[in-house]
Amino acid sequence: MTRDRSDKLLDIAKRRGFFWQASAIHGAIAGFYDYAHLGAALKRKWENEWRNYFLSLDDNYYEIAVSQIMPEEVFRASGHLESFTDPIIQCKQCKTIHRADHVISDKLDGHFEGISLEKMNELIKKHKLVCDKCGGDLAEVGILNMMFPLEIGTGKLRRTGYLSPETAQGAYINFKYEFEALRRKLPLGLAIIGKAFRNEISPRNLLIRMREFTQAELQIFFDPDTITEHPDFESVKDYKLRMFPAKNREANRIDDMTCQEVVDRLGIPRFYAYHLAVIQKFYLEHLGLPREKFRYKELHGDEKAFYNKYHWDIELYLPSVGGFTEVAGCHYRTDHDLGGHQKVSGQSMEVNMEGKKFVPHVQELSFGVDRNILALFELALEQEKERVVMRFPRKVSPFDAGLFPLVNKDGLPERTRNIQAALKKAGFQVFYDASGSIGRRYRRIDEVGIACGITVDHQTLEDDTVTLRDRDSMKQIRVKVEELPKVMDDFLNGKGLEHLGVVIK
Ligand code: AMP
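Below, the structure is looked at part by part. (Residues numbered from 1 in each chain as written. Predicted model: local features only at pLDDT ≥ 70, side-chain atom pairs only at ≥ 80, totals over all residues. Heavy atoms only, no water.)

### Regarding the overall build of the protein chain
Of the regular secondary structure elements, the protein chain holds 15 helices and 27 strands. Its C-alpha radius of gyration of 25 Å places the protein chain within 12% of the 23 Å reference for a compact globule of 505 residues. Considering only C-alpha atoms, the protein chain reaches an extent of 75 × 65 × 60 Å along its principal axes. Counting over 505 residues, the protein chain shows a buried share of 53%. Considering only residue pairs separated by 6 or more positions, the protein chain has 65% of its internal contacts joining residues 24 or more positions apart. Of the roughly 23,900 Å² of accessible surface on the protein chain, a fraction of 48% belongs to carbon and sulfur atoms. Of the charged side chains in the protein chain, 74 are positive and 75 negative, and the gap between their average positions amounts to 3 Å. (Helix = DSSP H or I, 4+ residues; strand = E, 2+ residues; numbered from the N terminus. Rg over C-alpha atoms; globule rule 2.2 N^0.38 Å. Buried < 20%, exposed > 50% of the residue type's maximum accessible area, 1.4 Å probe, protein only. Contact = heavy atoms within 4.5 Å. Areas by Shrake-Rupley, 256 points an atom, 1.4 Å probe, with all protein chains shown as cover. Lys, Arg positive; Asp, Glu negative; His and termini not counted. Charge placed at Lys NZ, Arg CZ, Asp CG, Glu CD.)

### Describing the site of the ligand
The local shell around the ligand holds 16 residues, among which Arg 198, Glu 200, Met 210, Glu 326 and Val 327 are the closest. At a separation of 3.1 Å, a nitrogen atom of the ligand approaches a polar backbone atom of Ile 208. One nitrogen or oxygen atom from the side chain of Glu 326 is found 2.7 Å from an oxygen atom belonging to the ligand. Sorting the residues of the shell around the ligand by element identifies strand 11 (212-222), strand 16 (323-332) and strand 19 (361-368) as the ones contributing at least two each. It is strand 16 that provides the largest number of residues to the shell around the ligand, a total of 4 residues. (Near = heavy atom within 4 Å. Polar contact = N/O pair within 3.5 Å; in protein donor to acceptor, adjacent residues only side chain to side chain.)

### Side note on helix 7 (residues 168-181)
With 14 residues, helix 7 extends 19 Å from end C-alpha to end C-alpha; this agrees with the ideal 20 Å at 1.5 Å per step. Of all the bends found along helix 7, the most pronounced is centred on Phe 175 and spans about 55°. Residues of helix 7 that are buried include every one of Ala 168, Gln 169, Gly 170, Ala 171, Tyr 172, Phe 175 and Phe 179, and no others. (Expected span 1.5 Å × (residues − 1). Bend = angle between axes of the 7 residues up to and from the residue.)

### Some thoughts on the sheet that holds strand 4 (residues 69-71)
Read from one edge of the open sheet, 3 strands run 4-9-8, paired in antiparallel fashion. Only two strands of the sheet have a single neighbouring strand rather than two, namely strand 4 and strand 8 (149-152). Recorded for the sheet is a direction-independent mean angle of 40° between the axes of neighbouring strands. Sheet analysis places strand 8 next to strand 9 (residues 159-163), joined by 4 bridges and oriented antiparallel. Directly across from Leu 150, in strand 9, lies its bridge partner Gly 161. (Pairing = 2+ DSSP bridges. Axes fitted to C-alpha atoms, helices over the stretch in contact; angles between N-to-C directions.)

### What about the pattern of salt bridges?
For the structure on display, the rule yields 44 salt bridges. Notably, a salt bridge pairs Arg 99 with Asp 101, separated by 2.8 Å at the nearest N-O pair. Just as Arg 99 is buried, Asp 101 falls in that class too. Across the pair Arg 295 and Glu 315 runs a salt bridge whose closest N-O atoms are separated by 2.7 Å. Taken together, the residues span a long stretch of sequence, with Arg 295 in strand 14 (residues 294-298) and Glu 315 in strand 15 (residues 310-318) at a distance of 20 residues. (Salt bridge = Lys/Arg side-chain N within 4 Å of Asp/Glu carboxyl O.)

### Concerning the sheet that holds strand 27 (residues 503-504)
Reading across the sheet, the 6 strands line up as 23-22-24-25-26-27 and stay open at both edges, with mixed pairing between neighbours. Both outer strands of the open sheet, strand 23 (430-432) and strand 27, are each paired with one neighbouring strand and no more. Relative to strand 24 (residues 452-456), strand 22 (residues 401-405) runs parallel, the two sharing 5 bridges. The residue bridging Gly 402 from the neighbouring strand is Gly 453, located in strand 24. Of the strands in this sheet, strand 22, strand 24, strand 25 (465-470) and strand 26 (476-480) are in contact with helix 15 (residues 484-492), which crosses strand 25 at around 10°.

### Structural notes on the packing of aromatic side chains
Taken as a whole and assessed by the stated rule, the structure comprises 29 aromatic pairs. Judged by centre distance (6.3 Å) and plane angle (80°), the rings of Phe 282 and Phe 367 are edge-to-face. Of this pair, Phe 282 sits in helix 9 (residues 270-286) while Phe 367 sits in strand 19, and the two are 85 residues apart along the sequence. On the numbers, 5.4 Å between centres and 50° between planes, the contact of Phe 399 with Phe 431 is tilted. On the criterion of sequence distance, the pair formed by Phe 399 in the loop between strand 21 (388-390) and strand 22 and Phe 431 in strand 23 is long-range, its members being 32 residues apart. By relative accessible area, which is 30% here, Phe 431 ends up partly exposed. These aromatic residues form a ring-pair network of at least three members: Trp 46, Trp 50, Tyr 53, Phe 54, Phe 282, Tyr 283, Phe 294, Tyr 296 and Phe 367. Its guanidinium or amino end placed over the ring of Phe 233, Arg 270 lies 5.5 Å from that ring's centre, counting from NZ or CZ. Over the aromatic face of Tyr 239 sits the side chain of Lys 281, whose NZ or CZ is 4.8 Å from the ring centroid. (Phe/Tyr/Trp six-rings, centres within 6.5 Å; stacked < 30°, edge-to-face > 60°. Lys NZ or Arg CZ within 6 Å of the ring centre and 35° of its normal.)

In short, the description is geometric, and any link to function would need to be established separately.
This is how it looks when you write it as structure tokens:
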């Protein structure tokens, strides 16, 4: 049903240089993708926006960089060893192993992630579901741990480890050291942008379900007695959130609710509601994605991890995946994580704040970077009457500007190279192109979503001005070369062309 759209997206991504399957010349393995030159630029920019936005929420939030291979004990403490499993089912005939809940959700309406093995067996029998590869009968549902195991070192010193299935553990196992190093203040935020590895049974939907992917997560450690407050709650209390509570599922209705209403009507603590607001603002105000493509989905009790007291997913509307799709999550994880590491390591995770001793609780803001990149890619793509254009938010466009000499003579290429050097020095990513008609060159940058085009023409040699063309409106203004860095900075931060110069008719 959505296969066509997803194939089309992959085709465009490949042709233009955004992403493609990894190791393809040797036969790709499902669930691994490489970012090509434009995709890598888009990803780096998204990550930088994420980093700058979320780390600036509090002076006591920092980024750390951690090992991606961790010893088994970490995952005994986190619970992954025991319960990071997926339900699987094997075809008796062709022996293909499927994810059991996907076998069901592919054929029946409803949400089946997290339902019991018994219930799955019952549904598969009742609806006579069969292998979608060969039509064979299916065996009983079993479980498989999704972590990739590793043997580290040799001989006596050999230890079992795992590729980390989420970045979060890196923050938990470093909490105590950071708390001391940062002079014992709460809340303390530790952010990690890093890889996660999961042996998914059925990777699918391009960058949505991968076996190696990138997460951007902020773990906020705080005193649970302060959960009913947030010092900045006043600034968001009237801000309207797009809420899709579990009780609205049947009616498929999204409610616009202010943060204050979320607190009063849904019983959500202010500390958590504040974070819902800042995440939504990141998507809608900072990146400028359309409001109607965003929602918070509340998970049912049996869908969320038992330790998540509050769990709302951030979903974006992606037709290639069949509709609203999880791209991030906002989780109140209580003291589950530090408590687990304390128990298994035997090291105290308690803090002592003015005589009060407690294990801090964790508010987690967890983003799947690749899912967000796919979302940007899909939401940006537009087929207009006379052109194909990728309307990426300007801030994360793979290049800030295309730079063109109008003709390849009269000193224009030299002057353009000059300007290119100055813009690069000022920190902009610019893409020089001198081949083909100017119209063709504009189309080329529109197709890969470069935010604007700057053209150097004969007038530049006379008055030192260039034209700046906005990718989205295709309108142009004339800008003094010396003012370009400032104008581009304003433009990339969302200022309309009409506020930056006189629009040329
Ligand atoms: P989780 O730890 O499962 O809550 O995942 C946190 C975030 O990582 C999710 O909101 C997704 O955006 C992303 N994510 C989870 N699993 C995958 C996967 N297999 N491929 C790509 N992204 C994923």
